[in-house]
Amino acid sequence: MKFTFTDKKVNIPNRVHDYAEKKLGKLDRYFKTEPETSVVFSVEKGRNILEVTLRSGSTIIRVAESTSDMFVSIDAAVASIERQLRKNKTRLEKRLRKDAFAPVPDEEAFVPESDEAEEPSYQLVRSKRFFFNAMSVEEAILQMNLVDHTFFAFRNEDEDGAFSVVYKRNGGGYGIIVDQA
């Protein structure tokens, strides 16, 4: 597994990086190809925030955890990634190793802390640019669930590459928006 560590406005000791590498390295057994892993450490309002993005082929898995201890955030992130992989096991079987879900001894169960709700802000604080891949609607929904977002933008191969967005509906299920231009 290839790691990229980023310390955002905080100095994290090497032992934390080593611990993250050890814990996240165990996820390597799920993937056919060596995944690239980006880990961002930050501290905000006394909370230790860890963001992990795993890229293996066209599969992207993203998790963010916030706890009072960075080691606990790392454990929570690993547990969240494993939970996402198990939840989407049947859809990911072609992309993951055949023996990826072989039984292994479970580590201590992790129970995340509940976060207080914050008021929404309508200020634009970030801008990103992406290359949108052509994929089917089903693939887009899978990718949206893997990055744990409520929407996902893509080029719809069923609509001749039209820009489309799939999203989670409040009442359950999914919706799609397709550009008709």
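That block above? That's the structure.
Heads up: these notes are all about the structure in this document. Every value quoted in this text rests on a predicted model; they were computed, and no experiment measured them.

Notes on a positive patch on the surface
Together, Lys8, Lys9, Arg55, Arg126 and Lys128 line one region of the surface with positive charge. Relative to the helices and strands, lysine 128 resides in the loop between helix 3 (89-92) and strand 5 (134-135).

Things to note about the sheet that holds strand 3 (residues 47-56)
Overall, mixed pairing links the four strands, which are arranged 1-2-3-4 in an open sheet. The strands lining the two open edges of the sheet, one partner per strand, are strand 1 (2-8) and strand 4 (59-67). The sheet shows a mean angle of 15 degrees between the axes of neighbouring strands, direction not considered. Relative to strand 4, strand 3 runs antiparallel, the two sharing nine bridges. From the neighbouring strand, arginine 55 faces strand 4, where its bridge partner is isoleucine 60. Its contacts with the sheet place helix 1 (residues 14-25) against strand 1, strand 2 (36-44) and strand 3, and it is angled at close to 140 degrees to strand 1.

A word on the pairing of strand 8 (residues 174-178)
Here five bridges tie strand 7 (residues 162-168) to strand 8, and the two strands are oriented antiparallel to one another. Its bridge partner being in strand 8, valine 165 is matched across the sheet by isoleucine 177. With antiparallel pairing between neighbouring strands as the criterion, strand 7 and strand 8 make up a hairpin whose turn holds five residues, including glycine 172 at a positive phi of roughly 100 degrees.

Thoughts on the packing of helix 1 against helix 2 (residues 70-87)
The geometry of helix 1 relative to helix 2 is characterised by a closest axis approach of 10 Å and an angle of 15 degrees between their N-to-C directions. Taken as axis vectors, helix 1 and helix 2 run roughly parallel relative to one another. Crossing handedness for the pair helix 1 and helix 2: right-handed. Between helix 1 and helix 2, the residues in contact are Arg15, Val16, Tyr19, Ala20, Lys23 and Leu24 and Met70, Phe71, Ile74, Asp75, Val78 and Ile81, respectively. The residue makeup of the contact of helix 1 with helix 2, split by class, is nine nonpolar, no polar and three charged.

About the thresholds
- Residues numbered from 1 in each chain as written.
- Predicted model: local features only at pLDDT ≥ 70, side-chain atom pairs only at ≥ 80, totals over all residues.
- Heavy atoms only, no water.
- Patch = residues over 30% accessible without salt bridge, like charges linked within 9 Å, V, L, I, M, F, W, Y side chains within 5 Å.
- Areas by Shrake-Rupley, 256 points an atom, 1.4 Å probe, with all protein chains shown as cover.
- Salt bridge = Lys/Arg side-chain N within 4 Å of Asp/Glu carboxyl O.
- Lys, Arg positive; Asp, Glu negative; His and termini not counted.
- Charge placed at Lys NZ, Arg CZ, Asp CG, Glu CD.
- Helix = DSSP H or I, 4+ residues; strand = E, 2+ residues; numbered from the N terminus.
- Pairing = 2+ DSSP bridges.
- Axes fitted to C-alpha atoms, helices over the stretch in contact; angles between N-to-C directions.
- Contact = heavy atoms within 4.5 Å.
- Parallel < 35°, antiparallel > 145°, perpendicular 65-115°, else oblique.
- Left-handed = near helix turned anticlockwise from the far one by under 90°.
- Nonpolar A, V, L, I, M, F, W, Y, C, P; charged D, E, K, R; others polar.

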